[in-house]
Amino acid sequence: MQYYLAENYLPHEKPMVMVEHVHQIDENCCICSVDVNQHSILAPFLNEDNSLSNFYAIELMAQTIGVWNGYHGMKNNQPPRLGMLLGGRSIKTTLPTFPHHSHLMIHANLVLADARLANFDCQIMIEEQCVVSGKLNVYEPDNTELDYLFGKKRLGE
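Quantities reported herein were computed from a predicted structural model and do not represent experimental measurements. (Residues numbered from 1 in each chain as written. Predicted model: local features only at pLDDT ≥ 70, side-chain atom pairs only at ≥ 80, totals over all residues. Heavy atoms only, no water.)

Chemist: What should I look at first to understand the sheet that holds strand β6 (residues 103–114) in this one?
Modeler: The pairing of strands in a sheet comes from backbone hydrogen bonds and takes either a parallel or an antiparallel form. Spatially, β1-β2-β6-β7-β8-β4 is the arrangement adopted by the six strands of the open sheet, whose pairing is antiparallel. Edge positions in the open sheet fall to β1 (21–25) and β4 (84–93), since each of these has one partner strand only. Across the sheet, the axes of successive neighbouring strands diverge by a mean angle of 20°, strand direction being ignored. Sheet strands touched by helix α1 (residues 57–75): β1, β2 (29–35), β4, β6, β7 (117–126) and β8 (129–139). Its angle to β7, the strand with the most contacts, is close to 120°. (Pairing = 2+ DSSP bridges. Helix = DSSP H or I, 4+ residues; strand = E, 2+ residues; numbered from the N terminus. Axes fitted to C-alpha atoms, helices over the stretch in contact; angles between N-to-C directions. Contact = heavy atoms within 4.5 Å.)

Chemist: Which parts of the structure should I look at to understand the nonpolar core?
Modeler: Most often, soluble globular proteins keep nonpolar side chains buried together rather than apart. Judged by nonpolar contacts, the single largest core of 40 residues is most densely connected at L42, L52, L60, V67, F98, L104 and I124. The biggest single contributor to this core is α1, with eight residues. (Core = buried A, V, L, I, M, F, W, Y, C linked by side-chain atoms within 4.5 Å. Buried < 20%, exposed > 50% of the residue type's maximum accessible area, 1.4 Å probe, protein only.)

Chemist: I'm lost on the packing of aromatic side chains in this one. Help?
Modeler: Two aromatic rings are characterised by how far apart their centres lie and by the angle between their planes. Per the counting criterion, the structure on display carries six aromatic pairs. Their ring planes at 55° and their centres at 5.5 Å tell us that F45 and Y56 sit as a pair that is tilted. With F45 in the loop between β2 and β3 (52–53) and Y56 in the loop between β3 and α1, this residue pair connects regions lying 11 residues apart in the sequence. Overall, the relative accessible area of 18% leaves Y56 in the buried class. In textbook terms, an aromatic cluster arises when at least three aromatic residues are bridged by ring pairs, as seen for Y3, Y4, Y9 and Y71. (Phe/Tyr/Trp six-rings, centres within 6.5 Å; stacked < 30°, edge-to-face > 60°.)

Chemist: I would appreciate a short explanation of the pairing of β7 in the present structure.
Modeler: The side chains of a regular strand alternate, residue by residue, between the two faces of the sheet. Counting buried positions along β7 gives seven out of 10 residues, so the element sits mostly inside the fold. Taken together, the 10 bridges between β6 and β7 define a ladder with antiparallel strand orientation. Each bridged residue has a counterpart across the sheet, and for H107 the counterpart in β7 is Q123. Linking β6 to β7, which pair antiparallel, is a turn of two residues; within it A115 sits at a positive phi near 60°. Here 10 bridges tie β7 to β8, and the two strands are oriented antiparallel to one another. Each residue of the ladder has a partner; that of I126, found in β8, is Q129. Linking β7 to β8, which pair antiparallel, is a turn of two residues; within it E127 sits at a positive phi near 50°.

Read these as layout, nothing more, since geometry by itself doesn't imply function.
Below you can see the structure in the form of structure tokens.
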């Protein structure tokens, strides 16, 4: 199956889009990827040695979840919606940075969903080796909650 670039499924605008390619989406899974180099969408976030700090891992996983949600929303003729990362558990990484020229494959697998609250088991792989894993809890606020939090006029709307 052919997918759009990840930015089409997210409510973000560049440079805050951090995942690029979409490889698979189904009812319970999303796989996205991005390259770590000075020509990729991650270029604004790279260290002096063109590596990416591992603290971006949570955002990469959260955006992959956002792609999953945006894709399913588009199937129901809804635009991408803002989601909130509530927290993570058991976040483990084996690298202090993602090396220059690495290709990151980000997997998000739905564990539990209840209305607008969900939990995903996520991994980031480099050359089929898991370098980050963890569970993320996410929430999709409705428009009333967004208005309360951010006001009625928001970026991207």
